[in-house]
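Understanding the architecture of this molecule
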Amino acid sequence: MTAAAPGPPKQGTAPSGGSEPHKVGSVGALKIKLGCIADDFTGATDLANNLVRAGMRVVQTIGVPTSPLGAEVDAVVVALKSRTVSPAEAVSQSLAALAWLQAQGAQQIYFKYCSTFDSTAQGNIGPVTEALMDALGIDFTIATPAFPDNKRTVFKGYLFVGDVLLNESGMQNHPLTPMTDPNLVRVMQSQTRRKVGLIDHQVVAQGEAAIRERIQQLCVDGVGVAVVDAVSNDDLRRMGPALKDLALVTAGSGVAIGLPANFGLLPSGQSGQLPPASGLQAVVSGSCSLATLRQVAQFRSTGRPAFVVDALRLAAGDDVVAEALAWAAPLLSGGPVLVYSTAETQAIKNVQGLLGVEDAGLLVERCMASIVLGLVQLGVRQLVVAGGETSGACVQALGITQMQIGPQIDPGVPWCHALSALAPDGLHLTLKSGNFGSDDFFRKSFTILSSERPR
Ligand code: ADP
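Predicted, not measured: the structure shown is a model, and the values here were computed from it.

About the cut-offs
- The residue count restarts for each chain, going from 1 along the sequence in the order it is written.
- Reporting of local features is limited, given that this is a predicted model, to residues whose pLDDT is at least 70; pairs of side-chain atoms are given and counted only at 80 or more, and all residues count toward the totals for whole chains, interfaces and linings.
- Heavy atoms from the whole structure form the basis of all side-chain values; hydrogens and water molecules are not counted.
- Throughout, near means a residue has at least one heavy atom within 4 Å of the molecule or strand.
- Within 3.5 Å is the distance limit for a polar contact, defined as a pair of N or O atoms, with the added protein rule that one can donate a hydrogen and the other accept it, and that residues adjacent in sequence qualify only through two side-chain atoms.
- Areas reported here follow the Shrake-Rupley algorithm with a probe of radius 1.4 Å; residue values treat only the protein chains shown as occluding.
- Helix and strand labels come from DSSP, where a helix needs a run of H or I of at least four residues and a strand needs a run of E of at least two; each type is numbered from the N terminus.
- Amino acids are sorted into nonpolar (Ala, Val, Leu, Ile, Met, Phe, Trp, Tyr, Cys and Pro), charged (Asp, Glu, Lys and Arg) and polar (every other residue, Gly among them).
- For Phe, Tyr and Trp, rings pair up if their centres lie within 6.5 Å, where Trp contributes its six-membered ring, and each pair is then called stacked (planes under 30 degrees apart), edge-to-face (over 60) or tilted (otherwise).
- Partly exposed describes any residue whose relative accessible area lies between the buried limit of under 20% and the exposed limit of over 50%, with all areas from a 1.4 Å probe on protein chains only and scaled to the type maximum.
- Axis lines are fitted to C-alpha atoms, over the contacting stretch for helices. Their N-to-C directions set the angle, which ranges from 0 to 180 degrees.
- Comment on the angle field: the value is read as roughly parallel under 35 degrees, roughly antiparallel over 145, roughly perpendicular from 65 to 115, and oblique elsewhere.
- Each crossing is labelled by how the near helix is turned from the far one, with a counterclockwise turn of less than a right angle marking it left-handed and a clockwise turn marking it right-handed.
- Contacts are assigned to residue pairs with any non-hydrogen atoms lying within 4.5 Å of each other.
- Pairing between strands is defined by DSSP: at least two bridges between the two strands are required.
- The span you would expect from a helix comes to 1.5 Å times its residue count less one.
- Where each domain begins and ends follows an automated or database-derived domain assignment.
- Accessible area that two parts lose when put together, with a 1.4 Å probe and added across both, is what the buried area reports.
- Salt bridge, as used here: a side-chain nitrogen of Lys or Arg that lies within 4 Å of a carboxyl oxygen of Asp or Glu.
- In this text, buried Ala, Val, Leu, Ile, Met, Phe, Trp, Tyr and Cys residues form a nonpolar core when linked through side-chain atoms within 4.5 Å.

Close contacts around the ligand come from 17 residues, with Ser287, Ser289, Glu365, Glu389 and Thr390 the closest. Glutamate 389 places a polar main-chain atom, nitrogen or oxygen, 2.7 Å from an oxygen atom of the ligand. Within the side chain of threonine 390, an N or O atom sits 2.6 Å from an oxygen atom of the ligand. Here the ligand has 570 Å² of accessible area as a free molecule, and 83% of this is covered by the chains. Contributions of two or more residues to the shell around the ligand are made by α12 (357-377) and α13 (388-397). Within the shell around the ligand, the residues separate by chemical class into five nonpolar, ten polar and two charged.

Have a look at this one:
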């Protein structure tokens, strides 16, 4: 391990030394600027979306790719599932992602975690940060989950969700990652051997020079990781230039808005441009979150066709997949159809009581994934999937390993374009995690896609 050496920070030690490739693996012909490692799937999309909006062309991969990058882009976000696995597993996945990103020539690494700093008692934010720092041979990085657009702000090191502290936001009751301490300096310090410090709002408000000066001082004081305050997008944009020389940035998706400018990139419609959309349209929803319940109700109220997947009938062994596809086949040419298992709490509890929580979830996920496969075979090439786990199951069933990130539909949810053996020319898809998106998200998605014209 590299000790946090006093003296000036090793800030100029970007992994590939600017234009020079890093010595890990072989560097392909296509080089990226920013290499990102995200600890979950929809979080990766959220980060990719912010980078695209700030001017980068971005590909998101599902897991660590096994071959070199095949597209000319500015950033790659490797989506892992490392948030709640053991720290050792999270470190191993993250180091594999780092090695691949370095082999693609990444000049800066971004470790992305949740804007509510979701971590278990063992980590994994601290252990992964430390392992990445060791691998990069650096003594200093920052940590900030601030994402003001989604009402996540950090002040004096305390994380707020809307108007309340993290530990009063409901996150204290999260089943996997209960967050009971809103002080991020303390939380981070409990997860790492490196000394944790703070760059507070007074400094951030003064801009780049003051932030750089503070970083220098923290390094002299032996601080290895600094939590950084940010209460607005202006703070994040002020922070961006001061982070230019850091080999590693760790953050939620918010900090991403200030980084593309460091590579000479500015917001433009070009960065999110996807191939033109064609083919039939469908929505598949396995999310039971409140926002999705409203979106399903809204779509149905427009009179568009909708098919409900009844989990109790699934549990009884009925061939609901075949029924749904037979129902959809003649309707698809008339516009988007909806297939949904989305249900209220009591209906879900009934199935869960019968099968157990995990098996009920898996049964429905497998059914929705099979329906998606069938819909793509029927010619669907514009697909909206609602639900984080449901999206994972569908993407896996379609054999998708990477997605190009396109225009935003709603905060955190962009259209994507991907190749699948079933759709060799590609399909457009958007993966909406539970509580994202406005009530008219389903219809709006298709409107936005059809209004995208090649520039
Ligand atoms: P969200 O992003 O809203 O949390 P997910 O897809 O991640 O949505 O999770 C929803 C879970 O609920 C999935 O495991 C899904 O299979 C399951 N599910 C969906 N509909 C039903 C239902 N009617 N009964 C029981 N479980 C369901």
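Alright, that's what it looks like, and here's the rest.
Let's shift gears to the packing of aromatic side chains. Considering all chains together, one arrives at six aromatic pairs under this definition. Centroid distance phenylalanine 307 to tryptophan 327: 5.5 Å. Interplanar angle 45 degrees. Geometry classified as tilted. In this pair, phenylalanine 307 sits in strand β13 (residues 306-308) while tryptophan 327 sits in helix α10 (residues 320-328), placing the two residues 20 residues apart along the sequence. Using a relative accessible area of 22% as the deciding quantity, one classes tryptophan 327 as partly exposed. Considering the side-chain rings of phenylalanine 441 and phenylalanine 442, the 6.3 Å spacing of their centres and the 75 degrees angle between planes classify their relative orientation as edge-to-face.

The next point concerns the packing of helix α2 (residues 87-103) against helix α3 (residues 125-136). Contact pair α2 / α3: the axes reach a minimum separation of 9 Å and the direction vectors enclose 40 degrees. Judged on the interaxial angle alone, α3 and α2 are oblique. For the crossing formed where α2 meets α3, the hand is right-handed. Of the residues in α3, those in contact with Pro87, Ala90, Val91, Ser94, Leu95, Leu98 and Gln102 of α2 are Pro127, Val128, Ala131, Leu132, Ala135 and Leu136. Of the residues belonging to the contact of α2 with α3, the class tally is eleven nonpolar, two polar and no charged.

A word on the sheet that holds strand β6 (residues 152-155). Pairing in this open sheet of three strands is antiparallel, and the strands run β6-β7-β8 from one edge to the other. Looking along the sheet, the strands with just one partner apiece sit at the ends: β6 and β8 (164-165).

In terms of burial, strand β10 (residues 223-228) is largely enclosed, as six of its six residues are buried. Sheet topology places strand β5 (residues 141-144) next to β10; three bridges connect them, and they run parallel. By the bridge assignment, isoleucine 142 is partnered in β10 with alanine 226. Note: strand β9 (residues 195-199) against β10, five bridges, orientation parallel. Bridge pairing links glycine 197 to alanine 226 in β10.

The omega torsion of the bond from glycine 123 to asparagine 124 falls at 15 degrees, within 30 degrees of zero and hence cis. When you line up the elements, asparagine 124 lands in the loop between β4 (108-112) and α3. Located in the positive-phi region is phenylalanine 117, a residue other than glycine, with phi close to 55 degrees. Position of phenylalanine 117 among the secondary structure elements: in the loop between β4 and α3. We classify phenylalanine 117 as buried; its relative accessible area is 1%.

The end-to-end C-alpha separation of helix α1 (residues 41-53) is 19 Å, in line with the 18 Å expected for 13 residues at 1.5 Å each. With twelve of 13 residues buried, α1 lies mostly within the body of the structure. Within α1 the residues assigned to the buried category are Phe41, Thr42, Gly43, Ala44, Thr45, Asp46, Leu47, Ala48, Asn49, Asn50, Leu51 and Val52. Of the residues flanking the start of α1, the one acting as N-cap is aspartate 40, its side-chain oxygen 2.8 Å from the backbone nitrogen of glycine 43. Directly after α1, the chain includes glycine 55, whose backbone phi takes a positive value near 115 degrees.

This paragraph deals with the domain arrangement of the protein. When the parts of a complex come together, some accessible area is lost, and that lost area is often taken as the interface size. Each assigned domain of the protein is listed here: domain 1 (27-268) and domain 2 (273-451). Just the C-alpha atoms count here: the centres of domain 1 and domain 2 sit 30 Å apart. When domain 1 packs against domain 2, the two sides together hide about 1,400 Å² of surface, and 60% of this comes from carbon and sulfur. Our enumeration of links across domain 1 and domain 2 arrives at one salt bridge. Between lysine 81 and glutamate 389 there is a salt bridge whose closest N-O contact spans 3.8 Å.

What follows deals with the pattern of salt bridges. When the charged atoms of two side chains lie near each other, side chains of opposite charge can form a pair. A full pass over the atoms with the stated rule returns 18 salt bridges. Aspartate 245 serves as the salt-bridge partner of arginine 212, at 3.2 Å between the closest nitrogen and oxygen. Taken as a pair, arginine 212 in helix α6 (residues 208-220) and aspartate 245 in the loop between α7 (233-242) and β11 (248-251) lie far apart in primary sequence, 33 residues in all. Classification of aspartate 245 by relative accessible area gives partly exposed; the value is 31%. Across the pair lysine 444 and aspartate 410 runs a salt bridge, and its minimum N-O distance is 2.7 Å. Placement of lysine 444 in helix α14 (residues 441-451) and of aspartate 410 in strand β16 (residues 402-410) is noted, with a sequence separation of 34 residues between them. Note on aspartate 410: relative accessible area 9%, which makes it buried. What you see here is one network of salt bridges that share partners, running through Asp39, Asp40, Arg83 and Asp118.

Attention shifts here to the nonpolar core. With 123 residues, the main nonpolar core has Leu51, Tyr110, Ile371 and Leu383 as its most contacted residues. Here this core takes nine residues from α12, the largest share from any one element. Composition of this core by domain shows at least three residues from each of domain 1 (27-268) and domain 2 (273-451). If we ignore the near neighbours within four places in the chain, the residues touching leucine 383 are Ala282, Val284, Val372, Leu398, Trp415, Leu427, His428, Leu429 and Thr430. Counting 16 residues, the second largest nonpolar core, distinct from the first, contains Val283, Ile409, Trp415 and Phe442.

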